[in-house]
Amino acid sequence: MISENKEMNVDIQLPRDCTFTPQDWQVLAQYWYPVAQASEITEKPIGIKLLDVKLVCYRSNERVVVARDLCFHRGAPLSKGWVENGEIVCPYHGFRYNCEGKCTSVPAHPDAKISPKLKLIVYPVVEKYGLIWTSILSSEEQIPQFIGWDDPDYVNVLPPSFDIAGSAGRQLEGFLDVSHFAYVHTETFGDRNNTEVPQYKVKREGNELLAEYWSTVSNYGKGQDNPAPEGFEWLREFRVFPPFAASLTVYFPNDGKLMILNCASPVSARYTRLFSPISRNFDKDTPVEDTIKFNLQVFQEDREMVESQTPEDLPLDLQAEAHIPADRTSIAYRQLLNEIGLGRTYTT
């Protein structure tokens, strides 16, 4: 199946062995996702995957390039090649391509006219929040807002990417879930003696969701000093950016704010690479390593659940699973995914 992308003026073929339904792939390919940490991308090309599409990513003269990981001459992966004088070189026959994807050299025939077919499929790129973002089908930038990252009063931390053998939809819904703290996060911040979920509301703002959740569940980790006064109510503000990104702002005592951007990048239907920039305006002298270690432990606790859930896909048919009042955010999230066009037997 081939889809014409009028915005980028290229024909996009569904990836071989695509793990998504054609309908869902077409919908998801219209959005932007992070695919790598900016610090990882150098002149040495690396292979990455998004929505089952094999991509190559590299820097050329300070510019980041994301392209289909394929030389159209004989199908060699450009991620096994190298960058020379700002151009990527195919490792099979030495064909060279510039940043726009145009072939500039065919070593076997240096004086011959180069076929226009020898052109890479190059994708739009934005470097933001320490991440490299791209889209398969959309040239219109759609990157979630994360205001703490550009605020000089905040400290920024970028944990390494985190792979999950589960669906992006299940991971994102788990990030929004407020009733699992006491059972999944017992080694980090959850409390088995504090399980009740107070009433809260979810509202729609444009194509985003906003949930404000108040509770007495502390966000300080086990073993950490907890300077919060007795009975302090913690506000956790979730904002959902479809399809697979959400931010969480946790309001600490003394006007402290912790901001986390959860970006579940769908490598395939049931494999997710999680990117999670963090910003805070307190405890600025806390070693970065401590913050990364704590958050990786939280991610690990969540991963165990996401990888074992059945069905693996997030059911958008609200009759497929039972719900409780604490699930207001996840119900609204499923409805939003259905609204953007994903199938009710959604496979991601």
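See the structure printed just above.
Residues numbered from 1 in each chain as written. Predicted model: local features only at pLDDT ≥ 70, side-chain atom pairs only at ≥ 80, totals over all residues. Heavy atoms only, no water.

Participant: I'd love a proper account of the nonpolar core, names of residues and values included.
Facilitator: Counting residues in hydrophobic clusters, the biggest one holds 63 residues, and the most contacted among them are Trp 25, Leu 51, Leu 55, Ile 132, Ile 136, Leu 176 and Tyr 333. Non-local contacts of Tyr 333, meaning those with residues more than four positions away in its chain, are made with Gly 169, Leu 172, Glu 173, Leu 176, Leu 209, Val 240, Pro 243, Phe 244 and Leu 314. In this structure, Ala 67, Tyr 97, Cys 103 and Leu 118 belong to the second largest nonpolar core, which totals 17 residues. (Core = buried A, V, L, I, M, F, W, Y, C linked by side-chain atoms within 4.5 Å. Buried < 20%, exposed > 50% of the residue type's maximum accessible area, 1.4 Å probe, protein only. Contact = heavy atoms within 4.5 Å.)

Participant: Which residues make up the sheet that holds strand 5 (residues 53-60), and what values go with them?
Facilitator: A sheet is described by the order of its strands in space; here 4 strands give the open sequence 4-5-6-11, paired in antiparallel fashion. At either margin of the open sheet sits one strand with a lone partner, and together these are strand 4 (46-50) and strand 11 (122-123). Examined bridge by bridge, strand 4 and strand 5 share 5 bridges and lie antiparallel to one another. When the sheet's bridge partners are listed, Leu 50 is paired in strand 5 with Val 53. (Pairing = 2+ DSSP bridges. Helix = DSSP H or I, 4+ residues; strand = E, 2+ residues; numbered from the N terminus.)

Participant: Which residues make up the packing of aromatic side chains, and what are the values?
Facilitator: Inspection of every chain in the model, using the stated rule, returns 13 aromatic pairs. With centroids separated by 6.5 Å and ring planes inclined at 35 degrees, the aromatic side chains of Phe 146 and Trp 149 adopt a geometry described as tilted. The class for Phe 146 is buried, based on a relative accessible area of 3%. The buried category is assigned to Trp 149, whose relative accessible area is 18%. (Phe/Tyr/Trp six-rings, centres within 6.5 Å; stacked < 30°, edge-to-face > 60°.)

Participant: Got a sec to walk through the environment of Lys 80? Specific residues and values, please.
Facilitator: Considering the arrangement of structural elements, one finds Lys 80 in the loop between strand 6 (63-68) and strand 7 (82-84). C-alpha of Lys 80 to C-alpha of Asp 69: the two residues are 11 residues apart in sequence and 9.2 Å apart in space.

Participant: Please give an account of the pattern of salt bridges that cites residues and values.
Facilitator: If you walk through the whole model with that rule in mind, you get 15 salt bridges. One salt bridge connects Arg 59 with Glu 127, and the closest N-O pair in it is separated by 3.3 Å. One end of the pair, Arg 59, is in strand 5; the other, Glu 127, is in strand 12 (residues 125-128), with 68 residues separating them in the sequence. Here Arg 59 falls in the buried class, since its relative accessible area comes to 16%. Linking Lys 203 and Glu 205 is a salt bridge whose minimum nitrogen-to-oxygen distance equals 3.8 Å. Overlapping salt bridges bring together Arg 170, Glu 173, Glu 321 and Arg 334 as one network. (Salt bridge = Lys/Arg side-chain N within 4 Å of Asp/Glu carboxyl O.)

Participant: Outline the packing of helix 2 (residues 168-176) against helix 5 (residues 328-339), listing residues and values.
Facilitator: The N-to-C vectors of helix 2 and helix 5 enclose an angle of 145 degrees; their axes lie 9 Å apart at closest approach. In the packing of helix 2 onto helix 5, the handedness of the crossing is right-handed. Only Thr 329, Ser 330, Tyr 333 and Arg 334 of helix 5 make contact with helix 2, whose side of the interface consists of Gly 169, Arg 170, Leu 172, Glu 173 and Leu 176. When the residues that make up the contact of helix 2 with helix 5 are grouped by side-chain class, the tally is 3 nonpolar, 3 polar and 3 charged. (Axes fitted to C-alpha atoms, helices over the stretch in contact; angles between N-to-C directions. Left-handed = near helix turned anticlockwise from the far one by under 90°. Nonpolar A, V, L, I, M, F, W, Y, C, P; charged D, E, K, R; others polar.)

Participant: I'd like to hear about the sheet that holds strand 12, residue by residue, with values.
Facilitator: The 3 strands are arranged 3-13-12 in an open sheet whose pairing can be described as antiparallel. Looking at which strands have only one partner, the edges of the open sheet turn out to be strand 3 (32-37) and strand 12. The sheet shows a mean angle of 35 degrees between the axes of neighbouring strands, taken without regard to direction. As paired strands, strand 12 and strand 13 (residues 131-135) are joined by 4 bridges and run antiparallel to one another. For Val 126, the partnering residue across the bridge sits in strand 13 and is Trp 133.

Participant: So what's going on with helix 2? Residues and values would help.
Facilitator: The buried fraction of helix 2 amounts to 8 of the 9 residues, a majority that puts the element mostly inside the structure. Every buried residue of helix 2 is accounted for by Ala 168, Gly 169, Arg 170, Gln 171, Leu 172, Glu 173, Phe 175 and Leu 176.

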